[in-house]
Amino acid sequence: MHIHTTVRQGQNTTRESGRKVQKGNIGAAKAIADVIRTCLGPRAMMKMLLDPMGGIVMTNDGNAILREIQVQHPAAKSMIEISRTQDEEVGDGTTSVIILAGEMLSVAEQFLVQQMHPTVIISAYRLALEDMLVMLKEISIPVDPNDRAVMLNIIKSAINTKALSRWSDMACNIALDAVRTVEMEENGRREIDIKKYAKVEKVPGGIIEDSYVLRGIMVNKDVTHPRMRRVIKDPRIILLDCSLEYKKGESQTDIEISREEDFARILQMEEEYIQQMCEDIVRLKPDLVFTEKGVSDLAQHYLMKANITAIRRIRKTDNNRIARACGARIASRTDELREEDVGLGAGLFEVKKIGDEYFTFVTECKDPKACTILLRGASKEILAEVERNLQDAMQVCRNILLEPYLLPGGGAVEMAMSKRMMERSRALTGVEQWPYRAIAQSLEVIPRTLIQNCGASTIRVLTSLRAKHTQEGCTNWGVNGETGTLADMTELGICEPLTVKAQTYKTAVETAVLLLRIDDIVSGHKKKGDEQGGGGHGAE
């Protein structure tokens, strides 16, 4: 079967070319797809992974699994890349994109066996992708992003395939509130930056139902001095990114002192410098000072006398979030502080002890543009998984706000597209119609996998679904992933954003095309002596 064409080049490079490479690539892509296959749909299984450090990851998020897997095969590596792309672009559909790409490659295998040239297959795939994107637009229905019930429904169908599904109502509300909070409109362009302004804080302990979205910010810090106030109503907040201590010289500086009183003078200068800084702050009568750097003991003393609470060494990202939440400006020097730099938007500042750590809350903000999601849960692993699921939910929510179009979920879109493309392929002439048809068939892998994962009979359900789609007005019928029966997706309320679907198809087809293009792999191997250092041959 395998015609081995390994050409030795130089001392230690191997070169494989022709059919063998394409077979190997397709095999690798299928292997990756098989790992992920059981993670699709509401009946998805979890995977438990040990990372090299010995930590445990439990997840069924396609991207998280593939991140932890070590592969040597170059084709498999590019499969892993696409799920990361999908995760960064739209945040959802990481599992389906891998399964689709794997399937598209495996249907291409038979054409290669029939000696069809890869470029012919590729051009057919490209054509198919263009038609798919047009059809998606036709099937999609617009949605009003301000209708809360509809939005919750959309997020729910994204969460239902995850471990969070037991608490889906709570999770949907959390995701929607968080995204709504960070949404900004500046001169016509909408910006929804989840990564920077919706921070997820994980605190082990308690139960998952205790999680909620803060109307404000939480930082894992305590006040610097024990006698400072721990609870302040309507605080005036100042944010600094300079340190409240005496500046040391940048390079090594030597001072020679001849008289004793000069030494006292130097110490006095340091103290006066700090006092000056504190007076600059006290002038604005704030209640709260956050700084990214340190606060010296002397500065603490001055601030405490003025009844100001100081919190030091917070992260830059947290500082930005507090600024967005309470409307303060971050000042980089104390002598430049002005009245408009003071944040008045927060309603309450308090320090609470959760578990065995102190947390600072700045909450009850008037119109916060940043928020913190507080997650509670039994163990670190659970919290990590919940956080990943929430990220997906918030991404889906963001996608709808940016492009409010919906498609039915549950494999309904795939079946509808498959049917339409079969009809289109009859109009094509020449060899290209066969790969085009193959793409149409490969779309059926999504409903098929859904049926497999909940243990129903694949052939029977898939055939009846195909029959259902030949009738008029049944484009919304798909597989109910819980039971494995056919259902109308609009009634079940299972829907997906258009952006996610379109991105999935684009990425999957592009990858299939990319891997079909390869007909030669030249790999430089280490000499036998170095074998122990690098892991020898790539895994086929």
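Before reading on, note that the structure itself is shown above.
These remarks concern the structure in this document. (Residues numbered from 1 in each chain as written. Predicted model: local features only at pLDDT ≥ 70, side-chain atom pairs only at ≥ 80, totals over all residues. Heavy atoms only, no water.)

Another aspect to go through is the environment of A456. By secondary structure assignment, the location of A456 is in the loop between α15 (445–453) and α16 (458–470). Relative accessible area serves as the criterion here: at 24%, A456 is assigned to the partly exposed category. Considered as a pair, A456 and G484 are 28 residues apart in the sequence and their alpha carbons are 5.5 Å apart. Residues within four places of A456 in sequence aside, it is in contact with I451, V461 and G484. (Helix = DSSP H or I, 4+ residues; strand = E, 2+ residues; numbered from the N terminus. Buried < 20%, exposed > 50% of the residue type's maximum accessible area, 1.4 Å probe, protein only. Contact = heavy atoms within 4.5 Å.)

Tracing the chain through its elements places A331 in strand β15 (residues 330–331). You can call A331 buried: its relative accessible area is 6%. Sequence separation of A331 and D341 is 10 residues, and the distance between their C-alpha atoms is 7.2 Å. If we ignore the near neighbours within four places in the chain, the residues touching A331 are L239, L240, D241, L337 and D341.

Strand pairing in a sheet relies on backbone hydrogen bonds, with the paired strands running either antiparallel or parallel. Read across the open sheet, the three strands follow the order β8-β18-β9; overall the sheet is mixed. Each edge of the open sheet is held by one strand with a lone partner, namely β8 (198–204) and β9 (212–214). Strand after strand, the sheet turns through a mean of 30° between neighbouring axes, direction not considered. Bridging between β8 and strand β18 (residues 371–377) involves seven bridges; their strand directions are parallel. By the bridge assignment, K202 is partnered in β18 with L375. (Pairing = 2+ DSSP bridges. Axes fitted to C-alpha atoms, helices over the stretch in contact; angles between N-to-C directions.)

Looking at the element boundaries, T511 is found in helix α18 (residues 498–517). Accessibility expressed as a relative area gives 3% for T511, which makes it buried. Put simply, T511 and I98 are 413 residues apart on the chain and 9.4 Å apart in space, counted from C-alpha to C-alpha. In contact with T511, other than residues within four places in its own chain, are M79, I82 and A101. For T511, the side chain forms a polar contact with the main-chain oxygen of T507, separated by 2.7 Å. (Polar contact = N/O pair within 3.5 Å; in protein donor to acceptor, adjacent residues only side chain to side chain.)

Right, let's talk about the layout of surface pockets for a bit. Roughly 490 Å³ of volume is contained in the largest pocket. Considering the residues around the largest pocket, the lining is formed by 30 residues, among which G41, P42, S157, T161 and E496 are closest to the centre. For the lining of the largest pocket, the secondary structure elements donating two or more residues are α4 (94–113), α6 (148–159), α15, β20 (477–480) and β22 (495–497). Considering only residue class, the lining of the largest pocket consists of 10 nonpolar, 14 polar and six charged. (1 Å grid on protein atoms, 1.4 Å probe; cavity = no way out; pocket = protein on both sides within 12 Å on 5 of 7 lines; lining within 4 Å. Points joined across faces, edges and corners; volume = space filled by probe spheres on them. Nonpolar A, V, L, I, M, F, W, Y, C, P; charged D, E, K, R; others polar.)

Relative to the 32 Å expected for 22 residues at 1.5 Å per residue, helix α5 (residues 118–139) spans 31 Å between its end C-alpha atoms, a close match to the ideal helical length. All of the buried residues in α5 are P118, I121, I122, A124, Y125, A128, L129, D131, M132, M135, L136 and I139. (Expected span 1.5 Å × (residues − 1).)

With a phi close to 65°, N307 is a non-glycine residue in the positive phi region. By secondary structure assignment, the location of N307 is in the loop between α10 (297–305) and β14 (309–311). For N307, a relative accessible area of 41% puts it in the partly exposed group. The backbone of R313 shows a phi angle near 55°, a positive value even though the residue is not glycine. On the secondary structure map, R313 appears in the loop between β14 and α11 (316–326).

Along the chain, the position of T291 falls in strand β13 (residues 288–291). Its relative accessible area of 0% is what places T291 among the buried residues.

Attention now goes to a nonpolar patch on the surface. On the surface, I255, I257, F263 and L267 cluster together to form a nonpolar patch covering roughly 390 Å² of accessible area. In this structure, L267 sits in helix α9 (residues 260–282). (Patch = residues over 30% accessible without salt bridge, like charges linked within 9 Å, V, L, I, M, F, W, Y side chains within 5 Å. Areas by Shrake-Rupley, 256 points an atom, 1.4 Å probe, with all protein chains shown as cover. Salt bridge = Lys/Arg side-chain N within 4 Å of Asp/Glu carboxyl O.)

What follows deals with the sheet that holds strand β11 (residues 231–233). The sheet built from four strands is open, its strands ordered β10-β17-β16-β11 with antiparallel pairing. The open sheet has two free edges, formed respectively by β10 (217–219) and β11, since each of these has just one partner strand. Across the sheet, the axes of successive neighbouring strands diverge by a mean angle of 25°, strand direction being ignored.

With that settled, consider α18. Relative to the 28 Å expected for 20 residues at 1.5 Å per residue, α18 spans 29 Å between its end C-alpha atoms, a close match to the ideal helical length. Counting buried residues along α18, 16 of its 20 residues qualify, which places the element largely inside the surrounding structure.

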